[in-house]
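# Secondary and tertiary structure notes
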Amino acid sequence: MTKPKSADALPINTILAGDCIEMMNSLPAESVDLIFADPPYNLQLRGDLHRPDNSRVDAVDDHWDQFASFEVYDRFTREWLAAAKRLLKPNGAIWVIGSYHNIFRVGAALQDAGYWILNDVIWRKSNPMPNFRGKRFTNAHETMIWASKGEGAKYTFNYEALKALNEGIQMRSDWVLPICNGGERLKDANGDKAHPTQKPASLLHRVLVGSTNPGDVVLDPFFGTGTTGAVAKMLGRDWIGIEREAAYREVAERRIADVRAYDRSSLEVTRAKRAEPRVPFGQLVERGLLRPGEMLVSANGKVAKVRADGTLVGDDVKGSIHQVGAHLEGAPSCNGWTYWHFRKDGKVVPIDVLRQQIRAEMAARPN
């Protein structure tokens, strides 16, 4: 897992070793669908932090989080954001997560670089670390900024899927999720935290389900121990990680190797009806997926015959799949796609399977 030799091919499902700006600049332009970035927070810690029992808190004091000044940090932020923007497809988007130490500086740099902010999302931690000194509020949240490549740019937003995740209620911009702890927290050979700011998989699950589709390429320029890659693999997304610290790369490689991707059918998410292309029932007949004279059957035993013009005839009624189903049930309306079934290989299968087959073919066609 090393630096790519050329920009001709995108090194998907790979951890690249090196500086994030240099590595991003070595990749093909407009090749990535989504970037999730968890950059250094520049915490500006002054001395050790201790709990009331005088035990030392394992805080973020690594060299990669230390910058000489705000000016140096801002320059770093502008450079990696410029490299990220070059990589994003025209309909791509970026998520950046941070704390109060850095997120406002990053947000200003995003806007200065021409990104268009779509939302700021508050990750409210259900189990935050207390403020042991008792001189400030408990820091119980982090902020994520979601932005498109520019004003008016298209982007992926699976609104109905997020609504389904939230028990049918529109997803809000404040997400209550626990911090990474317990069995999820990765440890090194000494039993210490493998990374001080490991993000929970639940956070990335929501981000990727909401703003990507299976087969999309997700890049994380601050890969750490690989939460983005692990969740992307499970959800059928391709991923690229960039990480300069060898110890983190080793942990991430082992972690992702153990991840099993979900089966394809499990990756389907709820979509708005208006987002799906219309497929007339007659198209199934035209294409020979169903033939004139073939009998359709409902779950409760009602039957109807397919006609050459894409209508059905059953008993004393003829009309569309919806009209005939409604008449036979004595109902004001009927969804014929789920009501009617056909026989295939000895099994009874909903005709909606054939509609989804055509929709999948339509989605796979090149523009």
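Rules of the game
- Residues numbered from 1 in each chain as written.
- Predicted model: local features only at pLDDT ≥ 70, side-chain atom pairs only at ≥ 80, totals over all residues.
- Heavy atoms only, no water.
- UniProt positions renumbered as here; feature names shortened; annotations may be inferred.
- Helix = DSSP H or I, 4+ residues; strand = E, 2+ residues; numbered from the N terminus.
- Buried < 20%, exposed > 50% of the residue type's maximum accessible area, 1.4 Å probe, protein only.
- Contact = heavy atoms within 4.5 Å.
- Areas by Shrake-Rupley, 256 points an atom, 1.4 Å probe, with all protein chains shown as cover.
- Core = buried A, V, L, I, M, F, W, Y, C linked by side-chain atoms within 4.5 Å.
- Salt bridge = Lys/Arg side-chain N within 4 Å of Asp/Glu carboxyl O.

- The name an unreviewed UniProt entry assigns to the chain is Methyltransferase, from the organism Salipiger bermudensis.
- Quoted straight from UniProt, the Sequence similarities (unreviewed entry) entry for the chain says "Belongs to the N(4)/N(6)-methyltransferase family."
- What the UniProt record of the chain gives under Catalytic activity (unreviewed entry) is the line "a 2'-deoxyadenosine in DNA + S-adenosyl-L-methionine = an N(6)-methyl-2'-deoxyadenosine in DNA + S-adenosyl-L-homocysteine + H(+)".

## A look at the overall build of the chain
- Tallying secondary structure elements over the chain gives 11 helices and 14 strands in all.
- Out of the 367 residues in the chain, the part that is buried amounts to 44%.
- Excluding contacts between residues fewer than 6 apart, the proportion of contacts in the chain whose partners are at least 24 apart in sequence is 65%.
- A total of about 19600 Å² of accessible surface is found on the chain, and carbon and sulfur atoms cover 49% of it.

## A closer look at the nonpolar core
- Counting 33 residues, the largest nonpolar core has Trp 95, Met 144, Trp 175, Leu 203, Val 207 and Leu 208 as the members making the most contacts within it.
- The biggest single contributor to this core is helix 5 (residues 201-211), with 5 residues.
- Among residues more than four places away in sequence, those in contact with Met 144 are Phe 36, Trp 95, Val 96, Ile 97, Asn 119, Asp 120, Val 121, Trp 175, Leu 203 and Val 207.

## Observations regarding the environment of Pro 130
- Tracing the chain through its elements places Pro 130 in the loop between strand 4 (116-125) and strand 5 (141-148).
- Among the residues examined, Pro 130 registers a relative accessible area of 47% and is labelled partly exposed.
- A sequence separation of 10 residues divides Pro 130 from Ala 140, and the C-alpha atoms of the two residues are 8.3 Å apart.

## Concerning helix 5
- For helix 5, a buried count of 8 out of 11 residues is recorded, marking the element as mostly surrounded by other parts of the structure.
- What helix 5 keeps buried is the set Leu 203, Leu 204, Arg 206, Val 207, Leu 208, Val 209, Gly 210 and Ser 211.

## Considering the pattern of salt bridges
- Tallied over the full model, the rule gives 10 salt bridges.
- One salt bridge connects Glu 30 with Lys 149, and the closest N-O pair in it is separated by 3.7 Å. Of this pair, Glu 30 sits in the loop between helix 1 (20-25) and strand 2 (32-37) while Lys 149 sits in the loop between strand 5 and helix 4 (159-165), placing them 119 residues apart in sequence.
- We classify Lys 149 as buried; its relative accessible area is 15%.
- Close ionic contact of Asp 174 with Arg 172 constitutes a salt bridge, the shortest N to O distance being 2.9 Å.
- Its relative accessible area of 56% is what places Arg 172 among the exposed residues.

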